[in-house]
Amino acid sequence: MTDLSTLAARAYLYGFPLVFDLEQVVRYTTTGVGANPQAAFNAFSHARSLASAADTFVSINNDTVYSMASLDLGVGPVRLSVPASDRYYVLQFVDAWTDNFAYVGTRGTGDAAGEFLIVAPGWEGDSGGLTVIHAPTRVVSIVGRWSCAGVEDLPAVHALQDATTLTPVNPDAVAAGIPDAAPQGEDVLDFWEKYRLWSQAFPPAARDEALQASFAPLGLTGDVPVSRLPEDQQEALRAGARGGEGIIAQAMAGAAAGATPGAWSQTLHAFDYNLDFFEVGAKDDAAWKIADPERRIGARAVAAKAGLWGNHGYEAAYVMTFQDADGQPLTGEREYELRLSPPPPVGAFWSVTMYSLPEFYLVDNEIDRYSVGDRTPGTMTDGDGGLTIRIARTRPSDAQAAANWLPAPAGAFRPILRMYMPGDAVLDGSYAPPPITRMDG
């Protein structure tokens, strides 16, 4: 028989994405996050600037301006209107368990104006001729990204954001939101109390119902707050959280190590754990599904921790590394080069963004540059058309290196190469970025 601590570690892996996701939903609907101001349920929060180091959100990008919304479909259907767009954009739909279940935008639905009706699980009614998007959970998130070339491009983006609207069909209905979880006296028990409440309020996919029910011996499927559970159950929950956190950290480190020293971790399939919900723009294709149930649950937890609300690889490919070409950890105590020749093959655009460890936040720097890519103003290409990015904590003295400088933190860091609408060479693995090379011995 599985002991309670082992069972609790499994419950932690299963429940972490739900709790982490809904904590962010609470942030957006109460205080906002960074450049995105607070917005009530069923209304957009439009950032008006590109993300900076002030935006404390895991692995946030600096390529696009965000338009985000938390929907509570308990009020009834919500109408989404999008304008015709002259640039790449995507509205990614994410359920409470972090499944990406729909995409509206350049790749998924095209650049023309559109009208959609977003409905709750089990909804039956008249769509009025609109394209219906069926949500897997009552509360879902829309994570919108608008391509923006810089400050001078912001007014055009703002106009598109303002034309992107949400309209509840029943405007007087009041959103129930996320159930309040009373403080339990310590952080780890607060996590489990949120899981206990939220896993019941937002049922999982049918395939996961038996797994969720298996956590009954831990007191996680009933009505008793976790701080009032017997001490043996509380101790198992504490140990399980430690064990689950360790499993996630180990998996992240292993994925980042790459096949050879300095190789970038190809995370094309990091977000392939959705097996059940495929609405407009989402690919119902075995090539984009993690079939193994144990691996799927672990992958979902790792994806939430390392890159909450990341897109499927067919929408945007993310590759990352923690090591240089010699297999040594990347650190701001040294200087590096990354030579991208040829540049990544994409249908939209690409960038390399810097993140500090262990939070995976953008790095504050003197020139307010958080990424370098094919749209970065002032960069200088090599003779063959490639781009050599200088990665260092301080500004390089050489003119070309300074033009292509990606500032690093004082300590450990992890860059992410993002490729929006990746080309076939990315998707089939024939394109791989070279290792980052150390310059100072």
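Cut-offs applied
Every chain is numbered independently, its residues counted from 1 as its sequence is written. A pLDDT threshold of at least 70 governs which residues receive local features in this predicted model, and a stricter bar of 80 or more applies before side-chain atom pairs are shown or counted, although totals over entire chains, interfaces and linings include all residues. In computing side-chain properties, one takes all heavy atoms of the structure into account and sets aside hydrogens as well as water. Helix and strand assignments come from DSSP, with helices taken as H or I runs of at least 4 residues and strands as E runs of at least 2, each series counted from the N terminus. Note that the radius of gyration is over C-alpha atoms, with the globule rule given as 2.2 Å times the number of residues to the power 0.38. To sort residues, take the accessible area from a 1.4 Å probe on protein chains only and compare it with the maximum for the residue type: under 20% means buried, over 50% means exposed, and anything in between is partly exposed. Contacts between residues were defined by any pair of non-hydrogen atoms, one from each residue, lying within 4.5 Å. Under the pairing criterion, centres of Phe, Tyr and Trp rings, with the six-membered ring standing for Trp, must be within 6.5 Å; the plane angle then separates stacked pairs below 30 degrees from edge-to-face pairs above 60, leaving the rest tilted. Throughout this description, the term charge over a ring refers to an Arg CZ or Lys NZ atom that lies within 6 Å of the ring centre and within 35 degrees of the ring normal. Salt bridge criterion: a side-chain nitrogen from Lys or Arg within 4 Å of a carboxyl oxygen from Asp or Glu. By this definition, two strands are paired if DSSP reports at least two bridges between them. Lines fitted to C-alpha atoms define the axes here, with helix axes fitted over just the stretch in contact, and angles between the N-to-C directions of these axes take values from 0 to 180 degrees. A cavity here means a set of 1 Å grid points, computed over protein atoms only, where a 1.4 Å probe fits but cannot escape. A pocket is an open set with protein on both sides within 12 Å along at least 5 of 7 lines, and lining residues have an atom within 4 Å of a point. Grid points are joined across faces, edges and corners, and a volume is the space filled by probe spheres set on the points. Ten residue types, Ala, Val, Leu, Ile, Met, Phe, Trp, Tyr, Cys and Pro, are classed as nonpolar, four, Asp, Glu, Lys and Arg, as charged, and the remainder, Gly among them, as polar. The split into domains, and so the bounds of each, comes from an automatic or database assignment of domains.

Under an unreviewed UniProt entry, the protein chain has the name DUF1254 domain-containing protein and belongs to Microbacterium kyungheense.

**Topic: the overall build of the protein chain**
Each helix and strand in the protein chain was counted, giving eight helices and 19 strands. Here the C-alpha atoms of the protein chain give a radius of gyration of 22 Å, agreeing with the 22 Å that 2.2 N^0.38 yields for 441 residues. Summarising its shape, the C-alpha atoms of the protein chain cover approximately 65 × 55 × 40 Å along the three principal directions. Considering the protein chain as a whole, with its 441 residues, one finds that 55% of them fall into the buried category. Residue pairs at least 24 apart in sequence account for 74% of intrachain contacts in the protein chain once pairs closer than 6 positions are excluded.

**A look at the packing of aromatic side chains**
For the coordinates displayed, the defined rule picks out 22 aromatic pairs. Between Phe 271 and Tyr 318, the ring centres sit 6.1 Å apart and the planes meet at 65°, which makes this aromatic pair edge-to-face. Highlighted residues: Phe 271 in the loop between strand 10 (265-266) and helix 6 (293-307) and Tyr 318 in strand 11 (residues 316-320), separated in sequence by 47 residues. When its relative accessible area of 6% is taken as the criterion, Phe 271 is described as buried. Ring geometry for Phe 349 and Tyr 420: centres 4.4 Å apart, planes at 25°, overall stacked. Here the residue Phe 349 occupies a position in the loop between strand 12 (336-340) and strand 13 (350-356), and Tyr 420 occupies one in strand 18 (residues 413-420), the gap between them amounting to 71 residues. You can call Tyr 420 buried: its relative accessible area is 1%. Joined through ring pairs, the aromatic side chains of Tyr 12, Tyr 14, Phe 16, Phe 20, Trp 97, Phe 191, Trp 192, Tyr 195 and Phe 215 make up one cluster. Between the NZ or CZ atom of Arg 107 and the centre of the ring of Tyr 103, over which it lies, the distance is 5.3 Å. Across the ring face of Phe 349, the terminal group of Arg 375 is positioned such that the distance to the ring centre comes to 3.9 Å.

**Focus on the pattern of salt bridges**
Counted under the stated rule, the structure contains 24 salt bridges. Here Arg 395 and Glu 366 are joined by a salt bridge, their closest N and O atoms 3.3 Å apart. Taken together, the residues Arg 395 in the loop between strand 16 (387-392) and helix 7 (399-403) and Glu 366 in the loop between strand 14 (361-362) and strand 15 (371-373) connect sequence positions 29 residues apart. A residue is classified by how much of its surface remains accessible, and Arg 395, at 46% relative accessible area, is partly exposed. If you follow the salt bridges from partner to partner, you end up with Glu 186, Glu 231, Glu 235 and Arg 238 in one network.

**Quick notes on the sheet that holds strand 3 (residues 78-82)**
In a beta sheet, neighbouring strands are held together by backbone hydrogen bonds and run either parallel or antiparallel to one another. Here four strands make up an open sheet; going across it, the order is 7-6-3-9 and the pairing mixed. The outermost strands of the open sheet, each flanked by one partner alone, are strand 7 (131-134) and strand 9 (165-168). Direction aside, the axes of adjacent strands within the sheet are offset by 25° on average.

**Things to note about the layout of surface pockets**
Put simply, the largest pocket is a space of about 730 Å³. Those elements that provide at least two residues to the lining of the largest pocket are strand 2 (64-72), strand 8 (139-147), helix 5 (231-257), strand 10, helix 6, strand 11 and strand 18. Counting residues per element, the lining of the largest pocket draws most heavily on helix 6, which supplies seven residues. Of the residues assigned to the lining of the largest pocket, the class counts are 26 nonpolar, nine polar and six charged. Split by domain, the residues of the lining of the largest pocket number at least three in each of domain 1 (1-253) and domain 2 (256-438). Space inside the second largest pocket adds up to approximately 450 Å³.

**What to know about empty space enclosed by the protein**
Across all of its chains, the model carries four cavities of 30 Å³ or more by this definition. Computed from the structure, the largest cavity encloses a volume of approximately 70 Å³. What lines the largest cavity is a set of 16 residues, among which Asp 95, Asp 99, Pro 204, Ala 205 and Phe 277 lie closest to the centre. Volume-wise, the second largest cavity comes out at about 50 Å³. What lines the second largest cavity is simply Tyr 28, Val 33, Ala 35, Asn 36, Ala 47, Ser 49, Leu 50, Ala 51, Asp 55, Ile 60, Thr 64 and Tyr 66. When the residues that make up the lining of the second largest cavity are grouped by side-chain class, the tally is eight nonpolar, three polar and one charged.

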